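Inside the fold
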There are 2 protein chains.
Amino acid sequence: MVRGKIQIKKIENTTSRQVTFSKRRSGLFKKAHELSVLCDAQVAAIIFSQKGRLYDFASSDIQKTIKRYAEYKGEYFVAESHPTEQYVQGLKKEMVTMVEKIEMLEVHNQKLMGRSLAFCSLKELQEIATQIEKSLHIVRSRKAKLYEDEVEKLKAKERELKDERVRLSGRVGEEPSGMPSGSKEKEDVETDLSIGFPKSRS
Amino acid sequence: MVRGKIQIKKIENTTSRQVTFSKRRSGLFKKAHELSVLCDAQVAAIIFSQKGRLYDFASSDIQKTIKRYAEYKGEYFVAESHPTEQYVQGLKKEMVTMVEKIEMLEVHNQKLMGRSLAFCSLKELQEIATQIEKSLHIVRSRKAKLYEDEVEKLKAKERELKDERVRLSGRVGEEPSGMPSGSKEKEDVETDLSIGFPKSRS
DNA sequence: TTGACTATGTATAACGT
DNA sequence: TACGTTATACATAGTCA
């Protein structure tokens, strides 16, 4: 029994509020449905309860209704971070550029590797050959340089060891003995060191 | 005055339907508002009239409500062509792959061109040198083949011309004359054709 | 269109169970 | 918590202005 006009303000009693919510919610949805049928309208209603639970009603597909709303209002209902069409276009453009670059590099690579030459003109072949010769020259020089450095390092080490040996002999005050023979007659250590297999060990 | 219970079905009379639409719509919005206040709920309602006109109500910001709905349902209400976050992630992943490929190709290219060798080991240098030598061999072979083909073509042409000359001479019934001298003693036409500038024209 | 009027149907607040 | 009941408040169909 209704005691009188109710005030439209938040119902403080939790139970009462929940009951009212449930009843009025279904009442609202009923009214929404009736409106949609009687007047041939597209109706959608969304309700979040205080607890955050979702209730919805739609006379047709709610997604369609919301999309229609979005189009009508010219708005997207999307997360803040959602990418724009423009941004994606930018990405795609970048990708096209990258694909082109990859193709270009692959073709170049192929040619430098001596493949896919079937449609090269003589002139082009000549250019490629020149480039390759140049490359080969550089690589060989670099290789030679590395060898040299290696040899230098080893020579330095040998010299160091020899000095050490002399110093030790001096301290002991004896003639060097028990040292590998033949170390004195060979002044040029270079002949003693070589890349590859050692000649022999005496 | 209401004559009796009304049927919940489309009102055929246009005027009546429009009036009912207007009244029930405001009634619905009023109920929605009351529900939101009484029960502290978030309510939104969207109505499209039969004519396609939009009416909406929301207890708070309707955009927020719809966004909340979208998040709750895990859906975007966006135009068909609008890119999803997932799609963009896919693109970005592809781009990373492409960037890596480009870097790899560039490094390879650089090495084949004899550049950026500073940090190559001897072993690596040796491999590069071997590859380059192989490439050079292939390119030179290809070049040689092209030269040969060219020469073959020219020889064939010369032979053809010679045959033609002989036939013409036979028809005229005379000793060939006015022909370039020395064409008979030279059986090997190869010496007569060369790549580059012609030696001379007699 | 829009707003009033009003008889009547409906929704629902306050209770029970 | 959820469902009946019921007295009331509210909504609204039909009508007129």
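Residues numbered from 1 in each chain as written. Chains lettered and ligands numbered in written order. Predicted model: local features only at pLDDT ≥ 70, side-chain atom pairs only at ≥ 80, totals over all residues. Heavy atoms only, no water.

1. Topic: the overall build of chain A
Filter applied, for reference: Here a helix means four or more residues in a row that DSSP labels H or I, a strand means two or more in a row labelled E, and each is numbered from the N terminus. When accessible area is computed with a 1.4 Å probe and restricted to protein chains, residues below 20% of their type maximum are described as buried, those above 50% as exposed, and intermediate ones as partly exposed. Here a residue-residue contact requires only that any non-hydrogen atoms of the pair lie within 4.5 Å. Calculation of accessible area relied on Shrake-Rupley with a 1.4 Å probe; when residues are assessed, cover is drawn exclusively from the protein chains displayed.
Check the secondary structure of chain A and you find 4 helices and 2 strands. For chain A, the α and β elements follow one another from N to C terminus as α-β-β-α-α-α. For chain A, the proportion of its 202 residues judged to be buried stands at 31%. For chain A, long-range pairs separated by at least 24 residues make up 28% of all intrachain contacts whose partners lie at least 6 apart in sequence. Accessible surface computed for chain A: about 14200 Å², of which carbon and sulfur atoms make up 53%.

2. Description of helix α2 (residues 62–73) of chain B
Convention followed: A helix is expected to reach a length of 1.5 Å times the quantity of its residues less one. Arc definition: directions from the helix axis to the C-beta atoms.
The end-to-end C-alpha separation of α2 of chain B is 16 Å, in line with the 16 Å expected for 12 residues at 1.5 Å each. All buried positions along α2 of chain B are accounted for by Ile 62, Thr 65, Ile 66, Tyr 69 and Ala 70 of chain B. Buried residues along α2 of chain B cover an arc of 140° about the axis, so they all sit on one side. Facing away from the buried side of α2 of chain B, by more than 90 degrees, are the exposed residues Lys 64 and Glu 71 of chain B. At its buried positions, α2 of chain B is contacted by β1 (42–48), β2 (54–58) and α2 (62–73) of chain A together with β1 (42–48) and β2 (54–58) of chain B.

3. A few points about the relation of the copies chain B and chain A
The condition that has to hold: For this overlay, a least-squares fit was computed on C-alpha atoms, restricted to residues scoring pLDDT of at least 70 in both copies.
Least-squares fitting of chain B to chain A yields an RMSD of 2.5 Å, with the superposition described by an axial translation of 0.4 Å and a rotation of 175°. Such a combination of rotation and displacement between the chain copies is what one expects of a two-fold axis.

4. A word on the packing of aromatic side chains
Note the threshold: Stacked, tilted and edge-to-face pairs are distinguished by plane angle, under 30 degrees for stacked and over 60 for edge-to-face with tilted covering the rest, among Phe, Tyr and Trp rings (Trp via its six-membered ring) whose centres lie within 6.5 Å. Should the NZ of a Lys or the CZ of an Arg lie within 6 Å of a ring centre and within 35 degrees of the ring normal, that charge is described as sitting over the ring.
Evaluated as defined, the whole model comprises 6 aromatic pairs over all chains. Ring geometry for Phe 21 of chain A versus Tyr 55 of chain A: centroids 5.5 Å apart, planes at 70°, classification edge-to-face. Pair noted here: Phe 21 of chain A is in helix α1 (residues 14–38) and Tyr 55 of chain A is in strand β2, with a separation of 34 residues, a long-range link. In this structure, Phe 21 of chain A and Tyr 55 of chain A share a single accessibility class: buried. For Arg 68 of chain A, the ring lying beneath its charged end belongs to Phe 48 of chain B, and the centroid distance is 4.0 Å.

5. Some words on the nonpolar core
This is how the line gets drawn: Each nonpolar core is a collection of buried residues, namely Ala, Val, Leu, Ile, Met, Phe, Trp, Tyr and Cys, held together in the definition by side-chain atoms within 4.5 Å.
Of all hydrophobic cores here, the largest spans 28 residues; its most connected members are Val 43 and Ile 47 of chain A together with Val 43 and Ile 47 of chain B. Contributions of two or more residues to this core are made by α1, β1 and β2 of chain A together with α1 (14–39), β1 and β2 of chain B. Grouped together as the second largest cluster of nonpolar side chains are 22 residues, Leu 112, Leu 125 and Leu 136 of chain A together with Leu 136 of chain B included.

6. Re the pairing of β2 of chain B
Put simply, the rule reads: At least two DSSP bridges between two strands are needed for those strands to be called paired.
Bridge count for β1 of chain B against β2 of chain B is 5 bridges, and the pairing is antiparallel. For Ala 45 of chain B, the partnering residue across the bridge sits in β2 of chain B and is Phe 57 of chain B.

7. Observations concerning the confidence of the model for chain A
Residues and elements named next belong to chain A. We count it as follows: Note: pLDDT gives the predictor's confidence per residue, expressed from 0 to 100.
Taken as a whole, chain A shows an average pLDDT of 80; of its residues, 78% reach a score of 70 or greater. Ranking the elements of chain A by mean pLDDT puts α2 last with 85 and β1 first with 93. Low confidence marks residues 178–202, where pLDDT is under 50. Its contacts with residues over four positions away, or in another chain, come to 14 contacts.

8. Comments concerning the pattern of salt bridges
Here is the rule: Whenever a carboxyl oxygen of Asp or Glu lies within 4 Å of a side-chain nitrogen of Lys or Arg, that contact is scored as a salt bridge.
Overall, the coordinates contain 18 salt bridges over all chains when judged by the stated rule. Asp 40 of chain A serves as the salt-bridge partner of Lys 10 of chain B, at 3.5 Å between the closest nitrogen and oxygen. Of this pair, Lys 10 of chain B sits in the segment before α1 while Asp 40 of chain A sits in the loop between α1 and β1, placing the two residues on different chains. Judged by relative accessible area, Lys 10 of chain B falls into the partly exposed class, the value being 32%.

9. A short note on α1 of chain A
Each full turn of the α-helix corresponds to 3.6 residues, which orients residues three or four apart in the same direction. All names here are of chain A. Basically, it comes down to this: In the analysis that follows, any N or O atom pair within 3.5 Å is treated as a polar contact, provided that within protein one partner can donate a hydrogen and the other can accept it, and provided that, for residues neighboring in sequence, both atoms belong to side chains.
For α1, with 25 residues, the first-to-last C-alpha span of 35 Å sits near the 36 Å given by 1.5 Å per residue. All of the buried residues along α1 are Arg 17, Thr 20, Phe 21, Arg 25, Leu 28, Phe 29, Ala 32, Glu 34, Leu 35, Ser 36 and Leu 38. Here α1 starts with a cap whose side-chain oxygen sits 3.0 Å from the backbone nitrogen of Thr 15, and that cap is Asn 13.

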